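Survey of secondary and tertiary structure
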Amino acid sequence: MTASAVEDLIDRLHEEATQDRPTAETPDVGIVMGSDSDLETMMTGGKRRGAYDAFVEELGFAEQTDFESPPDERFTFETYVTSAHRTPDLMTAYAETAEERGLEVIIAGAGGKSADLPNMTASIAYPLPVIGVPVQEKSVDSVIGMPTGAPLVAVDAGKSFNAALSAAQILARQHDAVRDRLVAYHEDLRAGVGNVSRDLHDRGTPAFRDREE
Ligand code: RP5
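Note that this is a predicted model, so its numbers are computed, not measured.

Some details on the packing of aromatic side chains
The tally for this structure, following the rule as stated, stands at 6 aromatic pairs. Between F55 and F77, the aromatic rings sit 5.2 Å apart at their centres with planes inclined by 20°, giving stacked as the arrangement. Here the residue F55 occupies a position in helix 3 (residues 51-58), and F77 occupies one in strand 3 (residues 76-81), the gap between them amounting to 22 residues. The class for F55 is buried, based on a relative accessible area of 0%. On the basis of relative accessibility, which here comes to 0%, the residue F77 falls in the buried class. Aromatic pair F61 and F75: ring centres 5.7 Å apart, planes at 35°, arrangement tilted. Separated by 14 residues along the polypeptide, F61 in the loop between helix 3 and strand 2 (62-63) and F75 in the loop between strand 2 and strand 3 bring together distant segments of the chain. The buried category is assigned to F75, whose relative accessible area is 4%. Joined through ring pairs, the aromatic side chains of Y52, F55, F61, F75 and F77 make up one cluster.

So, the nonpolar core
V29, I31, M42, F55, F61, I107 and V178 are the most contacted members of the largest nonpolar core, which has 29 residues in total. Taken together, the elements giving at least two residues each to this core come down to strand 1 (29-33), helix 2 (39-44), helix 3, strand 4 (105-110), strand 5 (130-134), helix 7 (160-172) and helix 8 (176-203). In terms of residue count, helix 7 provides more of this core than any other element does, 8 residues in total. Setting aside its immediate chain neighbours within four residues, M42 contacts I31, V32, M33, G50, A51, Y52, I107, A108, G109, V133, V135 and S160. With 27 residues, the next largest nonpolar core counts I10, L90, A115 and M146 among its residues.

Concerning unusual backbone geometry
Following Y126, the chain continues to P127 via a peptide bond in cis, the omega torsion being 15°. Structurally, P127 is set in the loop between helix 5 (117-125) and strand 5. Residues other than glycine seldom take positive phi values, yet D20 does so here, at roughly 55°. Positionally, D20 belongs in the loop between helix 1 (3-17) and strand 1. D20 gets classed as exposed once you look at its relative accessible area, which sits at 71%.

Considering the pairing of strand 1
With 5 of its 5 residues buried, strand 1 lies for the most part within the structure. Neither face of strand 1 is left uncovered, since the one carrying V29, I31 and M33 and the one carrying G30 and V32 both have all their residues buried. Alignment of strand 1 against strand 3, held across 5 bridges, turns out to be parallel. If you follow M33 over to strand 3, its bridge partner there is V81. Where strand 1 meets strand 4, 5 bridges bridge the pair, whose relative direction is parallel. Following the sheet pairing, V32 is matched in strand 4 by A108.

Details of the site of the ligand
Neighbouring residues of the ligand: G34, S35, S37, D38, R86, A110 and G111. Between S37 and the ligand, the recorded distance is 2.6 Å, taken from a side-chain N or O atom to an oxygen atom. Here an oxygen atom of the ligand sits 3.0 Å away from a polar atom, N or O, in the side chain of R86. Protein chains bury 64% of the 360 Å² of accessible surface belonging to the ligand in isolation. Residue classes in the shell around the ligand are distributed as 1 nonpolar, 4 polar and 2 charged.

Basis of the calculations
Residues numbered from 1 in each chain as written. Predicted model: local features only at pLDDT ≥ 70, side-chain atom pairs only at ≥ 80, totals over all residues. Heavy atoms only, no water. Phe/Tyr/Trp six-rings, centres within 6.5 Å; stacked < 30°, edge-to-face > 60°. Helix = DSSP H or I, 4+ residues; strand = E, 2+ residues; numbered from the N terminus. Buried < 20%, exposed > 50% of the residue type's maximum accessible area, 1.4 Å probe, protein only. Core = buried A, V, L, I, M, F, W, Y, C linked by side-chain atoms within 4.5 Å. Contact = heavy atoms within 4.5 Å. Pairing = 2+ DSSP bridges. Near = heavy atom within 4 Å. Polar contact = N/O pair within 3.5 Å; in protein donor to acceptor, adjacent residues only side chain to side chain. Areas by Shrake-Rupley, 256 points an atom, 1.4 Å probe, with all protein chains shown as cover. Nonpolar A, V, L, I, M, F, W, Y, C, P; charged D, E, K, R; others polar.

Just geometry here; none of it tells us what the structure is for.
Have a look at this one:
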């Protein structure tokens, strides 16, 4: 990202904060990450599924990429890279405009030993809730280690899928449609375990294991 792109993004965020758009036209969830090298962990998984998979495949959300043209889907998220160390001005602009731009909750992920983006975003965006995602195991302490009075909730390393579910749980307090989607997702999980359990029992271990291979 060039310096001018940083300034353009900062200007856009501040301009958008003055728009006072209807809630249904603004993203409900903001997703920020410290680097595009975090993208796989934060959004589409790799070894495990990510926040994008949870929102789009399981909960029927859409990614909003244009302030002016929201997707048809009622519930949306937006995605940015806002490095705490390399673009502190962009991180600040993002967090300080978040509530005015209509966001209800932020998911913030960063890696490394100084994973400061989630906690700095939480401090600046307060009282908006922020869900931190340590992108690596070594990032856990710096994400969860907030002082008393400075809240941040966090998921385990790499669990951005769960961060999306947690964000949806927050939205579900106000939106029955999101609650219904969360309940349906959980019922699918329950049914999946039931099918596997019955199959394992009824086939026996060797036949079940061979079926999986
Ligand atoms: C952190 O440093 C980022 O969140 C990322 O996980 C890590 C490495 O960033 P890059 O050097 O790949 O941009 O700030």
